[in-house]
Amino acid sequence: MSTFSENMEKAERHLARFRENGVLNRIDGELVPAAAGAYFESISPVDLKPLARVAHSGAKDIDRAAQAAKAAFPAWAAMDGSKRKKLLHKIADAIVERAEEIALVECMDTGQSLRFMSKAALRGAENFRFFADRAPTARDGTSLRGPNQLNLTSRSPIGPVGIITPWNTPFMLSTWKIAPALAAGCTVVHKPAEYSPLTASLLIEIAEQAGLPKGVWNLVNGFGEDAGKALTEHRDIKAIGFVGESRTGQLIMGQGAATLKRVHFELGGKNPVIVFSDSDLERAADAAVFMIYSLNGERCTSSSRLLVEASIYEEFTAKVADKAASIKIGHPLDPDTVIGPLIHPEHEKKVLSYFDVAKKEGATIAAGGTRHEGPGGGCYVSPTLFTNARSDMRIAQEEIFGPVLTAIPFADEAEAIRIANDIDYGLAGYVWTADITRGLRVSDALEAGMIWVNSENVRHLPTPFGGMKHSGLGRDGGDWSFDFYMETKNISIATAPHAIPKLGG
Ligand code: NAD
């Protein structure tokens, strides 16, 4: 493993091209500035200094990209699935080759620590491989027999699609959305988040260098309210795969109404981790700490609500507070760092504001609760634990999206379930108990799309990923992704000369 100073030196080398040339759009295989010639500045959360000038695109750029995606669609959709599979594996190989570069750039753009980002690039490659392997069978369907009829279903790619991604772990999330779209035979217009646009440029460059035909994948940078909105409103874009805040999902649903856009939403979360007194407390504490403080707490599936059985509440929260206090905060490229700076000063302000909210609401700050003076002077926040909280407090209801955990005691199983479900969100849940029957019973009662019992979030790509309630619409993973990116057609064939009702004559 490289040292901190070696990482810094390598990161600077990889960032130089962005500092010099900025971040452009990539449409129909060409690197192009925004049509209006406008740029915005992207800063690093480490030192708040400019990283790159980024194309500030609007409706014209989106239209150009949508036209390119539309023109490329027939040939890409018609390409044999096995050929698409080969190409997508080549992209995965190229991601692995450039994993270090991707990770270093991602760290400086997002503030995420290298210990996690080095794996994120490799997971991105795995996403491509997983869907690549399924490309040859994506169009397959089933046959269903009726009386005197044989029904055949088959799927075909829906058309050019828009992918809109958030600023947290942008590289991995972009691959998660784009790989299945390409494997299904769709062409893509990608609009990455304005706070962390750098690795989306690397990703499309890698794909085109690996041989992806021009126009199959197009990248348009810009803000949500102009480039993002235009993408969701474009009539040639048949579906929108969106990852971001619940409020933005609501806006997109409205924006897409006029063109009856198919939408897939992966939205916010405020996920409960329920700890019963019979569980392995050390493992449960490690998992809760990992799920809230890794990735700076900027993670949709973070275990941000800790529900602890009253009899062990003091002991367990003290354990979590101790662990939180010993987590290393530091520069993202320092190999020892766990928590780096939050994405942006605006987001830091939002996260810090909850410390006052907690005090006003009468909760106790058992760990953290302060800004941290970290290297570079960026947006560092210390890992924080609120105790003596109630479910009706804002700190227990709102997605803070930082290294901030709210711990609530519960008396019994029924109360644990009631508190866990007493929220608009429903993305993930975690249950810790030695009684597997209870684990199953509680999981069954939780209003969330994904539950892990006696485990932190361990992803298995064939399983469905997504949320209920305000946390999302639809599922990704396995075949679920293809269901979204493809149309299903049923063909019904008469197998015998059945009686047809005669009307007239
Ligand atoms: P955001 O909703 O602010 O932005 C996400 C993307 O949407 C950005 O690219 C943005 O430019 C774009 N956008 C904003 N307004 C738009 C509009 N009106 N029309 C079209 N596009 C628009 O989210 P964020 O702050 O970047 O990301 C953090 C959020 O993402 C959190 O709520 C987090 O929970 C969620 N998230 C969810 C998952 C999941 O799988 N459920 C995964 C990661 C992040």
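Residues numbered from 1 in each chain as written. Predicted model: local features only at pLDDT ≥ 70, side-chain atom pairs only at ≥ 80, totals over all residues. Heavy atoms only, no water.

A. Molecular detail of the side chain of Thr165. By secondary structure assignment, the location of Thr165 is in the loop between strand E7 (161–164) and helix H6 (170–184). Classification of Thr165 as buried rests on a relative accessible area of 4%. In this structure the side chain of Thr165 is engaged in a polar contact, spanning 2.8 Å, whose partner is the side chain of His190. If sequence neighbours within four positions are ignored, Thr165 has contacts with Leu173, Ser174, Lys177, His190, Lys191, Pro192, Ala193 and Val243. (Helix = DSSP H or I, 4+ residues; strand = E, 2+ residues; numbered from the N terminus. Buried < 20%, exposed > 50% of the residue type's maximum accessible area, 1.4 Å probe, protein only. Polar contact = N/O pair within 3.5 Å; in protein donor to acceptor, adjacent residues only side chain to side chain. Contact = heavy atoms within 4.5 Å.)

B. The packing of helix H10 (residues 281–293) against helix H11 (residues 313–325), seen in detail. Close contact between H10 and H11 brings their axes to 10 Å; oriented N to C, the two are set at 50°. If you check the angle between H10 and H11, you find them oblique. Crossing geometry of H10 relative to H11 is assigned as right-handed. Counted together, Leu281, Glu282, Ala284, Ala285, Asp286, Val289 and Tyr293 of H10 and Glu315, Phe316, Lys319, Val320, Lys323 and Ala324 of H11 form the full contact between these two elements. Among the residues making up the contact of H10 with H11, the classes are represented as 8 nonpolar, no polar and 5 charged. (Axes fitted to C-alpha atoms, helices over the stretch in contact; angles between N-to-C directions. Parallel < 35°, antiparallel > 145°, perpendicular 65-115°, else oblique. Left-handed = near helix turned anticlockwise from the far one by under 90°. Nonpolar A, V, L, I, M, F, W, Y, C, P; charged D, E, K, R; others polar.)

C. A look at empty space enclosed by the protein. Throughout the structure, instances matching the rule amount to 3 cavities of 30 Å³ or more. Lining the largest cavity are 15 residues; nearest its centre among them are Pro272, Ala420, Tyr425, Gly426 and Glu447. Elements with a minimum of two residues in the lining of the largest cavity: helix H14 (413–421), strand E17 (425–426) and strand E18 (428–432). (1 Å grid on protein atoms, 1.4 Å probe; cavity = no way out; pocket = protein on both sides within 12 Å on 5 of 7 lines; lining within 4 Å. Points joined across faces, edges and corners; volume = space filled by probe spheres on them.)

D. Highlighting unusual backbone geometry. Phi is positive for Thr169, close to 35°, though the residue is something other than glycine. Following the sequence through the fold, Thr169 ends up in the loop between E7 and H6. A relative accessible area of 8% places Thr169 in the buried class. Unusually for a residue other than glycine, Asn388 sits at a positive phi of about 55°. Position of Asn388 among the secondary structure elements: in the loop between strand E15 (384–387) and helix H13 (394–397).

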